[in-house]
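# Coordinates in review
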Amino acid sequence: MASVSPYAVSATNRSGLIVIFETLFMTWMIIVSLIRLYMRLAINGPVKIDDVVVFTGSVMAIAHVGAIMDAVSHGLGRSEDENLLSDAIRAGKGVYAANLLFLAGHGAAKISVCLLLKQLGRQKSYLICSKILLGMMVAWTLASIVAVALSCFPQYHLTMAQHCSNINIAWKIITAFDVTTEVLTFGLCVLLVWGIQMRWKQKWTVIFAFGTRTPVIILIILRQTYLNRSLFDSDPPLHLSEALVVTAVLLHSSIMVSTVPCLKPFVIVFNTGWGQGVTNRSGQNSYFTPTGESAPTNRSHVYSKDRAGANEIDLTLTISRQSQDSQRLIIHQTQEWRVEEEYEMHSPRDQN
């Protein structure tokens, strides 16, 4: 049998297509993650729990690419006739690990966005909704990993028609809840800005920032469509390539778009005077930067939280001094000038 290049793209070898999409989108994902890390360390830090979660998802995504590359080197993406049985078993184990890492990375991106939304709200009803959604996402991630792990043994992931008849049902249920949580996340974003008294332009900016995840729903449905066609195909190593390509795009895109709401130009519109934002040095809230005349007041507020005792006197003096300045600004001096002129009328007889 003639040797075949492992990264070729042909009718019987699509491994090259898998490698291109996996490495390309992984590179973009790493660049976006590094940009987010730089922003947190140098611009609008500090690093918070939502950042840690999405960075963990990035590590899972990189490991996912490693598992896929190992499977490709053992026949994934090539026709079953060109692979040995031992290579098919090894490739199946790689796909098994990649599926679990995909669910972990994608779930981490979803949880990260929900954690960010939870930090931005203050209303009691909104916080309750965000906690419920966060619990749903954590439960979905864990349940999905367990379901896929137990639905099929690793060595049978390229021979599912004979050994894993329930795997497609598991993926359909996972996809249904995945789409549901994405829709609920967008609804939570709308709920966040619905009751805020701010211009509609600013509201649409925030909705757009979190709404960048809506194309992920299309990728989720498209991935399931390809899975329905290829899971029980007569040549799984070859025909799974389309589903694997969409999986790579979905995973890395999910992590990348979770960074968009963290960009300062988008979230700075939440400077509504609620007292939820502070300066970067204090580390109290990384999603608000005081601007203009509000900066001195915010710095005094942080100063009182970070220090105690004698420093509170300095804060009191600062506030008193600011109060005196404000009083001087509202005192107006009103002066009235009255001009009176007297005229004496003399008759011509008096002049003579």
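Cut-offs used in this document
Along each chain, residues carry numbers from 1 onward, in the same order as the chain's sequence is written. Per-residue local features are limited, in this predicted model, to residues with pLDDT of at least 70; the limit for side-chain atom pairs, both in listing and counting, is 80 or more; totals at the level of whole chains, interfaces and linings are taken over all residues. In computing side-chain properties, one takes all heavy atoms of the structure into account and sets aside hydrogens as well as water. Two aromatic rings from Phe, Tyr or Trp, using only the six-membered ring of Trp, form a pair when their centres are within 6.5 Å; if the ring planes differ by under 30 degrees the pair is stacked, by over 60 it is edge-to-face, and anything between is tilted. In this description a helix means any DSSP run of H or I spanning at least four residues, a strand means any run of E spanning at least two, and both kinds are numbered starting from the N terminus. Accessibility here uses a 1.4 Å probe with only protein chains present; expressed as a share of the type maximum, an area under 20% marks a residue as buried, one over 50% as exposed, and anything in between as partly exposed. Distance and angle both matter: a charge sits over a ring if NZ of Lys or CZ of Arg is within 6 Å of the ring centre and within 35 degrees of the ring normal. Expected span, for any helix, means 1.5 Å times one less than how many residues it has. In this description, one arc is meant: the one made by directions from the helix axis to the C-beta atoms. The criterion used for residue contact is that any of the two residues' heavy atoms lie within 4.5 Å.

An unreviewed UniProt entry lists the chain under the name Rhodopsin domain-containing protein, with Penicillium coprophilum given as the organism.

### Focus: the packing of aromatic side chains
Inspection of every chain in the model, using the stated rule, returns 2 aromatic pairs. Relative to Phe-25, the ring of Phe-21 has its centre 6.2 Å away and its plane inclined at 10 degrees; by these criteria the two rings are stacked. In this pair, Phe-21 and Phe-25 are both assigned in helix H1 (residues 15-43), 4 residues apart and thus about one turn of the helix distant. Both rings, one in Phe-25 and one in Trp-28, keep their centres 5.1 Å apart while their planes meet at 65 degrees; by these two values the pair is edge-to-face. With Phe-25 and Trp-28 both in helix H1 and 3 residues apart, this pair spans about one turn of that helix. Under the relative-accessibility criterion, Phe-25 is labelled buried at 13%. Each residue in the set Phe-21, Phe-25 and Trp-28 is aromatic and connected to the rest through ring pairs, giving one cluster. One residue, Lys-110, lies across the ring of Trp-140, its end atom 5.3 Å from the ring centre.

### Overview of helix H8 (residues 214-230)
The terminal C-alpha atoms of H8, which comprises 17 residues, lie 25 Å apart, in line with the 24 Å expected from a rise of 1.5 Å per residue. Those residues of H8 that sit buried are Val-216, Ile-217, Leu-219, Ile-220, Arg-223, Gln-224, Leu-227 and Ser-230. What you see down the axis of H8 is that its buried residues fit within an arc of 165 degrees, all on one side. Structural note: H8 exposes Ile-218 and Arg-229 on the side pointing more than 90 degrees away from its buried face. In the core, the buried residues of H8 are packed alongside helix H3 (85-120), helix H6 (167-194), helix H9 (236-239) and helix H10 (241-257).

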